Amino acid sequence: MNETSSTSDQSSPRLKSLLPGVEARKKLRKRRLFKDNASRWGITVAGFGVVFALAMIFVYLFYEVAPVLRGATITPLSTYTAPVADDAANALYIERYEELGLQYGSSGMVTFFELESGALRAQIPLALPLGSRVSSYAAAGPGTHITAHGLDNGQVLIARHDYDLSFPEGSRYITPELEYPLGTDAFTLDEQGHSLELVAIASRTRGREATLLAGYTDDKRLVLASLSSRTNMMTGAVVVNTELHTLPPVPGEPVRMLLDKALRSLFVVDSAGWVHYYDVSNPDNAQLVQSVDAGEGSPITAAEFLVGTVSIIMGTQNGDLSQWFLVRDESNNYSLTRIREFNSHGAAITAIAPEYNRKGFVAGDASGQLGVHYGTSARTLYLDQFIDQPVAQVAISPLNGRLLVLGENGQLHSADIWNEHPQLSFSALWNKVWYEGRADPEYIWQSSSGSDEFESKFSLVPLSVGTLKAAFYAMLFAMPLAIMGAIYTAYFMTPKLRGIVKPSIEIMEALPTVILGFLAGLWLAPFAEDHLPAIFSIVILLPIMMLVFAFIWTRLLPASIRNSVPDGWEAALLVPVIIGFVWLSIVLSPFIEIWFFDGSMRQWFTNIGITYDQRNALVVGIAMGFAVIPTIFSIAEDAVFTVPGHLTQGSLALGATRWQSVVGVVLPTASPGIFSAVMMGFGRAVGETMIVLMATGNSPVVNFNIFEGMRTLSANIAVELPETAVGSSHFRVLFLAALVLLALTFVVNTVAEIIRQRLRTRYSSL
Amino acid sequence: MRAWFKSGTPWVWLNAGAVAVCMIMVVGLIGLIAVRGFGHFWPSSVAEVEIVDRDGSRRLVLGELVRSQTVTAAVARDAGNYVPEDTAQITRYLFKEGNRDQTGRDFVWHTEVGMQPFRYPDNAFVIERREWGNFYGYPLHLTSAGETIPATDVRFWNTLQTATARSIKLHDEIEAIERRRIGRINTDMERLRLDKRSLELREVSGAERVIEETRIAERSRELEIEYQALRQELDLLYKSTFRDTLRMLTDSGDEVDISLAMVVRVTAPNTLSVIDKAGEYLVRLWEFLTHDPREANTEGGIFPAIFGTVTMVFVMSIMVTPFGILAAIYLREYAKQNLMTRIIRISVYNLAGVPSIVYGVFGLGFFVYFLGGSIDQMFYEAKLPAPTFGTPGLFWASLTLALLTLPIVIVSTEEGLARIPSTIRQGSLALGATKAETLWKVVVPLATPAMMTGLILAIARAAGEVAPLMLVGVVKLAPTLPVDGIFPYIHLERKIMHLGFHIYDVGFQSPNVEAARPLVYATALVLVFLIVALNLTAISIRNRLRERYRSASD
């Protein structure tokens, strides 16, 4: 519109202004100003948006990991008088949907009530034999719902509470029920008919069904009954076969008995704080194996199995809590061992409620405090005053969302509990942890299993070691090749050859790592296994072969031949030498195996006690080294190539050889650049996923054996994240692993980048 | 000698050796993939060999020789083979014997012990089947349209090929009906179900509801009738495909009937000339590139994977280009060049080096679960609890990769902007142009080649990236392509197949690794080609642009 073209009619007498009018110009200016501002703001917003989006990665990963650091919180909901206040409670339970509470009374009455209000829902009396009275109570571990009621006539009644769900008018209605899995008749545990002061029960649900009952009579005898039930296929009637045994007398006065559900061990806690361990795996020949002073001078006031009935939590008179389980020594003997302690309550522990699907528990004490603790991580997540008088009973709901606490005065308190991630703590992630059933504290990563009773093992050490191991072997392979190659390419090679070599090595950077990974896993791994001697001879002898050839070429060959190839073509000359030698090594490989290794080097390794996996660190080192070479090569080559020419010229002019100039002048100047190249390469090796995923066995081992595999942080994320439940502890640990990777590579790259920038300014000043 | 060492010459040679080793590895790797990948499609001859066992019994082995291997006696014994006492080394041959439905084994190793010379009989047939892999055997007779033609008949071969072609055509028709027409009916049915559900969710009542419900009922009746008609048509076609059967004799002497409905191709490779084989080669290559996979991805083609990769990279480019370029312009032209900007710049540069799996984790957590979950809540409530965007899919995969490649585009664009001489900017400003005009009419056009470079690098990286995609939207077998003829034509929520993931999945998760191996090489070759092609296209664009702007800037 404002074009001032030279073709405009100059001969016209009245020279008309070619500029637009004042109004139009004003409008135009306005529009230009608007455009300018719009462009500025648009770009600023977009720029900030992108920076923000990238920063979000950090923020979001933190946000996902943060809940792990939180402890537990307990929020009281309601308080009411127990629906059956006159009946002392033997035990309290909460039903799965956190709608109903349940109390086993000492009079033999089972009371179901609404958790919110305490309103009575149902009262079902136990089918006690006529004239008998409940004298003791036991439960068969969390989640089984099976309870045993010892009677004063030496009999035991086994009951099971259950809930029937119905959906009248679309909403859930829970009907409580009481069943007798082994029949409504009570079993005689003590043939002499003495009152049972204590009772313990355990049921095996896997394999052949069996139940074990233990009792302590008022005349101080320890009796045991093993019940095996068989259901009649035709009638559905349950036939129970009972065998009675008497155990060796127990030293001390028992106050608590526990049977594990493998039906192997009976633990009897006495009034002096000692625990007596009986091996009852063969009931006819049950023995007292061990007695330990578990209370260390203080009587044990509460003892309970954690889920899985492997670990026992002992609470003492002075408020200490400790975890114990059987540890097997070299000679296959088990002994009850103190594994770890939790924060002390400072007042006698009165009740312990284990969680149903994790290794955690809630403990109440005589001063009215509640503590939430977790076994594996040894964490005390919560410890605070809850009521103003002693806690009599505690129950936790199967989904760990609700607590029910009975005070000494008969008041029931229900409370909300938030305790999502007790398994994780700094020490559980990074230190050795003594897991159930293990002989020693160990670093183990084993995140999931089929069973609810599984103890998750979240040690990041095996994964970190695996990551470093993979990166180490990759760097071991890549560093010499890439750096030496870079020096040669930048300094000695003819420009013509350099024009081919540099881009082709750099193009390797674009090659998808999945291709390297699959070649490593499907081609290199079996090849290396079959040709181990060849691999070793290539690594050891190839440099020597190069030197021998170099010597022959530069010293022994007549000058006419030597001079026919100009300087800077050494690499090309070496290509046939290398190919020939590699081929020779492969051909000779079986013969070397026959001559030195009884025909199979792999077998030979196994025989001398070195584990050999087909997909191992050697394979990963080569494959990942291959992926890292272009990164290191390209940056290092740039660093060497951009060393100012007058420096080397000066050195050469002073009489140094080409190599002396390299070592004395070029390398010192370029070393920060080379270092930053190595850092970049390391960063890439640490985060590489597909190669390690495909070329290793992905077993999380903690060692640096080159012939074994590993599992890296990144591969672990790739394998496990799609399978895990959103928001679970496992999910968050994987996010933590990602955060660790992010932070690590970010720091490494930042350092490398800063070094490079420094170098750039230094070069420009030289 | 010492002087020689002192001069440093050996070190120079060692360095030269390092370069040589790198180059040999690069070329060797590409060569290995190329040879194995291209070799897969060559119709290999079918060998017949008689093996005399130690007890004197003879058995016949018919199959393709996959490879042979010379191992030491100890290794062979370890593998459970018999090796005569005086031999130190032994050669073993891997045969692809096929007939997995008969023997349960596809690939079998045989040692050279007792092996008679190889023969290549003309009547050895290779039958590629839709199920159970290849069949190797000798033809006996063909029952076609009620007529039995023995293999010795002159018409046999031609009749067989015609009958096979017919059954393939029928199969294609069936597929077209099942995929397209029945697929469309299913989509419509699903849409009606959603309409109904959203009526409930919106709590529509009264006349409107009655009208809607009648419409839905009417439409679903129509669809049902349409479906029944198609079903009948299908039944007829199915019956018709099973018309012809071929009776074959296996190497162990069993007679097997093979229905031509199950056959993809019948060849007698030993009778083919080199030219015939080359023709066959091209046909197979074409099928590999354009067909769907079969048999848990171990056979057939990889078309959905190629298509998925290209679509994903395309969607990613659309997202990453504007944002990357705007961010770079902001950092270089508008942001104050202070410490904060420097920190941001270094951080952005460094994000290019962050492991890709971290982006995958972020994509899964933030995009899929958080953003996708929210989108489902807001717009796809009728479909819940089945997620639409709250599950990995094309869009999230592209978005994650866009984030991953953003630093690459930013870095490259910024470098391009930094290279433009400040005199050009000042010249523009001096002529009275505003900053925006200078930017959009002078600076950005000059920096276009640099932006293209960034985009090229981004695409090359994205096409080969697998680890994050495993988390955010790539699956081993996607039932449908992300682009089709049903509204809205491009389905961003669908899961896709991807070449890189295909390599991982087929190579490592496949039930029949040996059969999948050549396919993996071929897929890898395609991926390498795709990446190189993307690179080359973009590089040529860049060079052309560079030429154009060089003349413009002069």
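What counts, and where the lines are drawn
- Residues numbered from 1 in each chain as written.
- Chains lettered and ligands numbered in written order.
- Predicted model: local features only at pLDDT ≥ 70, side-chain atom pairs only at ≥ 80, totals over all residues.
- Heavy atoms only, no water.
- Helix = DSSP H or I, 4+ residues; strand = E, 2+ residues; numbered from the N terminus.
- Buried < 20%, exposed > 50% of the residue type's maximum accessible area, 1.4 Å probe, protein only.
- Areas by Shrake-Rupley, 256 points an atom, 1.4 Å probe, with all protein chains shown as cover.
- Lys, Arg positive; Asp, Glu negative; His and termini not counted.
- Charge placed at Lys NZ, Arg CZ, Asp CG, Glu CD.
- pLDDT = per-residue confidence, 0-100.
- Contact = heavy atoms within 4.5 Å.
- Pairing = 2+ DSSP bridges.
- Axes fitted to C-alpha atoms, helices over the stretch in contact; angles between N-to-C directions.
- Core = buried A, V, L, I, M, F, W, Y, C linked by side-chain atoms within 4.5 Å.
- Domains from an automatic or database assignment.
- Buried area = accessible area lost by both parts, 1.4 Å probe.
- UniProt positions renumbered as here; feature names shortened; annotations may be inferred.
- Parallel < 35°, antiparallel > 145°, perpendicular 65-115°, else oblique.
- Left-handed = near helix turned anticlockwise from the far one by under 90°.
- Salt bridge = Lys/Arg side-chain N within 4 Å of Asp/Glu carboxyl O.
- Polar contact = N/O pair within 3.5 Å; in protein donor to acceptor, adjacent residues only side chain to side chain.
- Nonpolar A, V, L, I, M, F, W, Y, C, P; charged D, E, K, R; others polar.
- Phe/Tyr/Trp six-rings, centres within 6.5 Å; stacked < 30°, edge-to-face > 60°.
- Lys NZ or Arg CZ within 6 Å of the ring centre and 35° of its normal.

1. A look at the overall build of chain A
Here is step 1 of the chain: Of the regular secondary structure elements, chain A holds 15 helices and 31 strands.
Here is step 2 of the chain: The buried share of chain A, taken over its 766 residues, is 53%.
Here is step 3 of the chain: Roughly 33400 Å² of accessible area belongs to chain A as shown, and the carbon and sulfur atoms make up 58% of that amount.
Here is step 4 of the chain: Positive and negative side-chain charges of chain A, numbering 52 and 67 respectively, have mean locations separated by a distance of 20 Å.

2. What about the confidence of the model for chain A?
Residues and elements named next belong to chain A.
Here is step 1 of the chain: Residue-level pLDDT values for chain A average 87, and 97% of them are 70 or greater.
Here is step 2 of the chain: When the elements of chain A are averaged for pLDDT, strand E14 (residues 238–246) gives the smallest value, 82, and helix H3 (residues 461–492) the largest, 93.
Here is step 3 of the chain: In the predicted structure, residues 1–11 sits below a pLDDT of 50 and forms 3 contacts with residues beyond four places in sequence or in another chain.

3. Remarks on the sheet that holds strand E17 (residues 274–279) of chain A
Residue and element names in this part refer to chain A.
Here is step 1 of the chain: Strand order across the open sheet formed by 4 strands is E15-E16-E17-E18, with antiparallel pairing between neighbours. On the outer flanks of this sheet lie strand E15 (254–259) and strand E18 (287–293), each paired with one strand and no other. Along the sheet, successive strands turn relative to each other by an average axial angle of 20°, direction set aside.
Here is step 2 of the chain: The sheet contact formed by E17 and E18 spans 6 bridges and is antiparallel. Across the sheet, Trp274 pairs through a bridge with Asp293, a residue of E18.

4. Overview of the nonpolar core
Here is step 1 of the chain: Grouped together as the largest cluster of nonpolar side chains are 211 residues, with contacts concentrated most on Ile515 and Phe518 of chain A.
Here is step 2 of the chain: If we skip the residues at most four places from it in the chain, Phe518 of chain A touches Trp523 and Met694 of chain A together with Ile503, Phe508, Val520, Tyr521 and Ala524 of chain B.
Here is step 3 of the chain: Judged by nonpolar contacts, the second largest core, of 39 residues, contains Leu126, Tyr163, Ala353 and Leu403 of chain A.

5. Concerning the domain arrangement of chain A
All names here are of chain A.
Here is step 1 of the chain: In terms of domain boundaries, chain A breaks down into domain 1 (295–455) and domain 2 (461–763).
Here is step 2 of the chain: The C-alpha-based centres of domain 1 and domain 2 are spaced at 50 Å.
Here is step 3 of the chain: At the junction of the two partners, domain 1 supplies 10 residues and domain 2 supplies 17 residues.
Here is step 4 of the chain: Summed over both sides, the interface of domain 1 with domain 2 buries roughly 1100 Å², with 71% coming from carbon and sulfur.

6. Regarding unusual backbone geometry
Here is step 1 of the chain: Positioned with a positive phi, Asn400 of chain A is a non-glycine residue whose angle comes to about 60°.
Here is step 2 of the chain: Residue classification places Asn400 of chain A among the buried positions, given a relative accessible area of 9%.
Here is step 3 of the chain: The phi dihedral of Trp132 of chain B is positive, around 65°, even though this residue is not glycine.
Here is step 4 of the chain: On the secondary structure map, Trp132 of chain B appears in the loop between strand E5 (125–129) and strand E6 (134–144).

7. A few points about the UniProt feature "coiled-coil region" (unreviewed entry) in chain B
Here is step 1 of the chain: What UniProt calls "coiled-coil region" (unreviewed entry) maps, in this numbering, to residues 213–240 of chain B.
Here is step 2 of the chain: Annotated as 100% helix and 0% strand, the span residues 213–240 of chain B places its first and last C-alpha atoms 41 Å apart.

8. Side note on the packing of helix H5 (residues 513–530) of chain A against helix H10 (residues 617–641) of chain A
Residue and element names in this part refer to chain A.
Here is step 1 of the chain: Interhelical geometry of H5 versus H10 gives an angle of 150° and a closest axis separation of 10 Å. Judged by the angle between their axes, H5 and H10 are roughly antiparallel. Regarding H5 and H10, the two cross each other, and that crossing is right-handed. In this structure, H5 uses Thr513, Leu516, Ala520, Leu524 and Ala525 to contact H10, whose residues at the interface are Val619, Ile622, Ala623, Phe626 and Ala627.

9. Description of the environment of Asn535 of chain B
Here is step 1 of the chain: With respect to the helices and strands, Asn535 of chain B occurs in helix H16 (residues 513–553).
Here is step 2 of the chain: Note on Asn535 of chain B: relative accessible area 15%, which makes it buried.
Here is step 3 of the chain: Here the alpha-carbon distance between Asn535 of chain B and Ala458 of chain B, two residues 77 residues apart in the chain, equals 9.9 Å.
Here is step 4 of the chain: Those residues within four positions of Asn535 of chain B in sequence are excluded, and the remaining contacts are Ala510 of chain A together with Ile456 and Ala460 of chain B.

10. Re the sheet that holds strand E29 (residues 411–418) of chain A
Residues and elements named next belong to chain A.
Here is step 1 of the chain: Pairing within the open sheet is antiparallel, and its 4 strands lie in the order E1-E29-E28-E27. The open sheet terminates on both sides in strands that have one partner only, identified here as strand E1 (73–81) and strand E27 (391–396). Averaged over all adjacent pairs, the angle separating strand axes in this sheet is 20°, with direction ignored.
Here is step 2 of the chain: In the sheet, E1 pairs with E29 via 8 bridges, with the strands oriented antiparallel. Paired with Thr75 across the bridge in E29 is Asp416.

11. Looking at the UniProt feature "domain: ABC transmembrane type-1" (unreviewed entry) in chain A
Here is step 1 of the chain: According to UniProt, the feature "domain: ABC transmembrane type-1" (unreviewed entry) maps to residues 464–752 of chain A in the numbering used here.
Here is step 2 of the chain: As annotated, residues 464–752 of chain A comprises 79% helix and 0% strand, and the C-alpha atoms at either end are separated by 22 Å.

12. Concerning the interface of chain A and chain B
Here is step 1 of the chain: Taken together, the 100 residues of chain A in the interface contact 92 residues of chain B.
Here is step 2 of the chain: The largest share of the area that chain A buries against chain B comes from Ile43, Leu522 and Trp659 of chain A, three residues that together contribute 8% of it.
Here is step 3 of the chain: In this structure, Arg32 of chain A engages Glu437 of chain B in a salt bridge whose closest nitrogen and oxygen atoms are separated by 2.8 Å.
Here is step 4 of the chain: There are 12 residue pairs in polar contact (both at pLDDT 80 or more) connecting chain A and chain B.
Here is step 5 of the chain: Looking at which element gives the most residues to the side of chain A that touches chain B, the answer is helix H1 (residues 22–65) of chain A, with 18 residues.
Here is step 6 of the chain: Among the residues forming the side of chain A that touches chain B, the class breakdown is 67 nonpolar, 21 polar and 12 charged.

13. Quick notes on the packing of aromatic side chains
Here is step 1 of the chain: Per the stated rule, a full pass over the model turns up 58 aromatic pairs over all chains.
Here is step 2 of the chain: The cationic tip of Lys457 of chain A hangs over the ring face of Tyr435 of chain A; the distance from NZ or CZ to the ring centre is 5.5 Å.

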